Amino acid sequence: MIGAFNKNLLDVGINLVGGPILKQDDAVNFWNIASKGLTQKSNEDYIKRNGKIYNNIKDIANDFPQYTKQIKEKVKAQFDQDDVPGIVFHENSSVAQAISKSQELNDFIYKNANALKSGKKVTGSLGFTSNNNLHNAFGKVDILSAKLKGKYIDVILLDTYDFNPNEKNPLVEIGYSAQKAGLLKPYYTIVKCKYKI
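Each chain has its residues counted from 1, following the order in which its sequence is written. Residue-level local features of this predicted model are given only where pLDDT is at least 70; pairs of side-chain atoms are given and counted only at 80 or more, and the full residue set underlies all totals for whole chains, interfaces and linings. With hydrogens and water stripped out, all remaining heavy atoms of the structure feed into the side-chain values.

### Considerations on the overall build of the protein chain
- Scanning the protein chain for helices and strands turns up ten helices and six strands.
- Radius of gyration means the value over C-alpha atoms here, while the globule rule gives 2.2 Å times the residue count to the 0.38 power. At 17 Å, the protein chain has a C-alpha radius of gyration in line with the 16 Å of a compact globule built from 197 residues.
- Judged by the C-alpha coordinates and their principal axes, the protein chain covers about 55 × 35 × 35 Å.
- Note on classification: 1.4 Å probe, protein chains only; a residue is buried when its accessible area is under 20% of the maximum for its type, exposed when over 50%, partly exposed between these limits. Counting the 197 residues in the protein chain, one finds 46% classified as buried. Strands are runs of DSSP state E lasting at least 2 residues, helices are runs of H or I lasting at least 4, and numbering of each runs from the N terminus.

Below, the structure written as structure tokens:
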């Protein structure tokens, strides 16, 4: 009961304030995908503009075989499920563009500059704090791969859209109660970024 109330509260609040006032369009769309599903018209349009839906991990394994194990482990750990749909966001997507300009990715690349210059593949994680749109869309992401390719560093990120139970942020607590009640549709995201050096 409280989960349904909280979900409705966020449905209204996020769409009323998040996009038009706070200009957090990606965060709003990420919520709407979890709340209303991948096939709702406005969600479909957003995904089509920015990436591609994969209905299961088997499908994504055809395009990203090297990351299948990590995706499976992440989905199991976060959702306690063996399979959920995923969205791959391409390099020109709004989220990839925002991430490639973020202070956090810049710091990560600077910190790993020597390894990247020597041709190594670097992994790690990023927590977005300087950009509210990215913070509310992702929070923290896994860097599956960062590798130098010509004048760019190709970066592949993985995240699941979920609310953590131990967060003290009241909005996260409200989101978690809707998630716990089974009212949000689980999905994961992969973002392909190009960072210009």
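Next comes the rest of the description.
### Points about the packing of aromatic side chains
- The aromatic pairing rule takes the rings of Phe, Tyr and Trp, using the six-membered ring of Trp, and pairs them if the centres are within 6.5 Å, calling planes under 30 degrees apart stacked, those over 60 edge-to-face and the rest tilted. This model, assessed by the stated rule, comprises ten aromatic pairs.
- For the pair F30 and F89, a centre-to-centre distance of 5.4 Å together with 20° between the ring planes defines the contact as stacked. In this pair, F30 is assigned in helix α2 (residues 25-36) and F89 in strand β2 (residues 86-89), connecting sequence segments 59 residues apart. For the pair formed by F30 and F89, the shared burial category is buried.
- Positioned above the aromatic ring of Y152, the side-chain terminus of K194 is 5.3 Å from the ring centre.
- Two thresholds decide whether a charge sits over a ring: the Lys NZ or Arg CZ must be within 6 Å of the ring centre and within 35 degrees of the ring normal. Here the guanidinium or amino end of K196 rests over the ring plane of Y152, the centre of that ring lying 5.7 Å away.

### Concerning unusual backbone geometry
- Backbone geometry places K23, a non-glycine residue, at a positive phi of 60°.
- With respect to the helices and strands, the residue K23 is situated in the loop between α1 (2-18) and α2.
- With phi around 55°, D80 is a residue other than glycine that occupies positive phi space.
- Structurally, D80 can be placed in the loop between α5 (68-79) and β2.

### Notes on helix α7 (residues 103-111)
- Residues E104, L105, F108 and I109 constitute the buried set of α7. Down the axis of α7, the buried side of the element spans an arc of 130°, and every buried residue falls inside it. Residues of α7 that are exposed and point more than 90 degrees away from the buried face comprise Y110 and K111.
- Buried-residue contacts for α7 involve α6 (94-100), α8 (113-117), β3 (122-127), β4 (140-149), β5 (152-160) and β6 (188-196). In this context, the arc is that of the directions from the helix axis out to the C-beta atoms. Note on definitions: a residue-residue contact is assigned when non-hydrogen atoms from the two residues lie within 4.5 Å.

### Side note on the pattern of salt bridges
- Any carboxyl oxygen of Asp or Glu that lies within 4 Å of a side-chain nitrogen of Lys or Arg is treated as forming a salt bridge with it. In this structure the tally under the stated criterion is ten salt bridges.
- With a closest N to O distance of 3.8 Å, D63 and K52 form a salt bridge. Of this pair, D63 sits in helix α4 (residues 57-63) while K52 sits in strand β1 (residues 51-54), placing them eleven residues apart in sequence.
- Overall, K52 belongs to the partly exposed group, its relative accessible area being 44%.
- The partner of D154 in a salt bridge is K149, with the nearest N and O atoms 3.9 Å apart.
- Among the residues examined, D154 registers a relative accessible area of 18% and is labelled buried.

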